[in-house]
Amino acid sequence: MKGLDFSLSAEQRELTEAAAAFARQELNQDLVKREDAGEFPREAWRKCAKFGVHGLPVPAELGGAGADVLTTALVMEALGYGCQDNGLLFSVNAQMWSVQLPLVAFGTPAQQRAYLPGMVSGELIGAHAMTEPESGSDALHMRTRAERRGDHYVLKGVKQYITNAPVADVLLVYASVPGRAGLAGLSAFLVDAGTPGLVVSSSFEKMGLRTSPMGEVTLQDCLVPAESRLGPEGAGMMIFTSSMEWERSCLFASVVGAMRRQLEVCVEYARSREQFGQPIGKFQGVSAKLADMYVRLEAARGLIYRVAWLKQQGRSAPAEAAAAKLFTSEAWVRSSQDAIQVHGAYGYMKEAGIERDLRDAVAGTIYSGTSEIQRVVLARMLGL
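Throughout this document, residue positions are counted from 1 along each chain, in the order its sequence is written. With the structure being a predicted model, the display of local features is reserved for residues of pLDDT at least 70 and the display and counting of side-chain atom pairs for 80 or more, all residues being used for whole-chain, interface and lining totals. To get the side-chain values, all heavy atoms of the structure are used, and hydrogens and water are removed first.

**Q** So what exactly am I meant to see when it comes to unusual backbone geometry here?
**A** Trans is the prevailing form of peptide bonds, just as negative phi is the prevailing case for residues other than glycine. With a phi close to 45°, Leu209 is a non-glycine residue in the positive phi region. Note on conventions: DSSP H or I runs of at least 4 residues are helices, E runs of at least 2 residues are strands, and numbering of each starts at the N terminus. Within the secondary structure layout, Leu209 lies in the loop between β6 (198-200) and β7 (214-225). Phi at Ser368 is positive, roughly 60°, even though this residue is not glycine. Among the secondary structure elements, Ser368 is positioned in the loop between α12 (355-364) and α13 (371-381). Only protein chains enter the area calculation, which uses a 1.4 Å probe; residues under 20% of their type maximum are buried, those over 50% are exposed, and those in between are partly exposed. With a relative accessible area of 10%, Ser368 lands in the buried category.

Written out as structure tokens, the structure is:
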């Protein structure tokens, strides 16, 4: 893709078709049962890794596929289209953008060797631990501390609502180093599961994304070697900001795929379901909803592709990433509501599988920075 040429290369088309087919065939088994139980699909996680999903954005020299950003986004969109398990894809995205890429960008060769091959192969699971009970988007008032003691740091604090934490083999933990004012003290640490003083809760019961495990992380005088610090002291905010820009840029490519699947299901239903002697799609109230769903899908896709293109050019895109995240997350909620309305009472029934997207979509307006935070970011970019 160059300039305004939105056509896919033959290789991209082949890869995305293969990804969608793989997702349909391998990632939807027993979804209702797994979602009811809030069960993390570890076997599906490994299948994704074997297909090459986890390694897409990781350079070939570090064991990944070395795919460019746009191709990676296209594949994630195809997975979202074929896979109805939004929770699984959310967990995959959380590791890729918030743990793997920070390791690629800021990790030492030893850190990269220790973690990236296992994450790419699906044998290791990573979690990104930033949010705290009293400081979600407010990193300035984070309470977790990292005190240097010789060749170790002692970490103390609590992290909450951490995706993948209950099943993680390694956590990227953010903490403030005393003696450094404000965000200048924020630093990042790689903490292995089983480290003394690290306590992880069982998975929380959630409204949606139920197959994606989420838990609380407590650090009780957790002793971490200095060589486990990611980047220099005080680099935490830079690492976090970089990972969030990547996440906001690419995580929602999967959502675009889900919105495409959702629209196709609704169109098919509107063609086949009859009321008053004709398909319900002939009624303006229904057709208008489908038209709105199409516009949201295409607008979201355009925003995501643009950010991916900018990142591929090596350019920073904080405003574009915030706009893509804000619009796509809210568009998915609105389209999910429309999907239920198009299906009527049947859409409200669990057996239809239509309501699952709405429950999953709501979280998108909260994670990776709430809609309110994205609007603050954009207002600041506008000089307000």
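Anyway, onward from the coordinates.
**Q** So what exactly am I meant to see when it comes to the side chain of Arg261 here?
**A** The topology assignment puts Arg261 in helix α8 (residues 253-272). One polar contact links the side chain of Arg261 to the main-chain carbonyl oxygen of Cys83, over a distance of 3.3 Å. Whether two residues are in contact is decided by their heavy atoms, any of which lying within 4.5 Å being enough. In contact with Arg261, other than residues within four places in its own chain, are Gly80, Tyr81, Cys83, Gln84, Asn86 and Asp357. Pairs of N or O atoms are called polar contacts if they sit within 3.5 Å, as long as, within protein, a hydrogen donor faces a hydrogen acceptor (for residues adjacent in sequence, only side-chain-to-side-chain pairs).

**Q** How should I be thinking about the pattern of salt bridges in this particular structure?
**A** Pairing between side chains of opposite charge can happen when the charged atoms of each approach one another. Should a side-chain nitrogen of Lys or Arg be within 4 Å of a carboxyl oxygen of Asp or Glu, the pair is scored as a salt bridge. On inspection of all chains with the given rule, the structure shows 19 salt bridges. In this structure, Glu205 engages Arg210 in a salt bridge whose closest nitrogen and oxygen atoms are separated by 3.1 Å. Assessed through its relative accessible area of 68%, Glu205 is described here as exposed. You can call Arg210 buried: its relative accessible area is 14%. Residue Arg296 is joined to Asp338 by a salt bridge in which the shortest nitrogen-to-oxygen separation is 3.1 Å. In this pair, Arg296 is assigned in helix α9 (residues 284-312) and Asp338 in helix α10 (residues 318-343), connecting sequence segments 42 residues apart.

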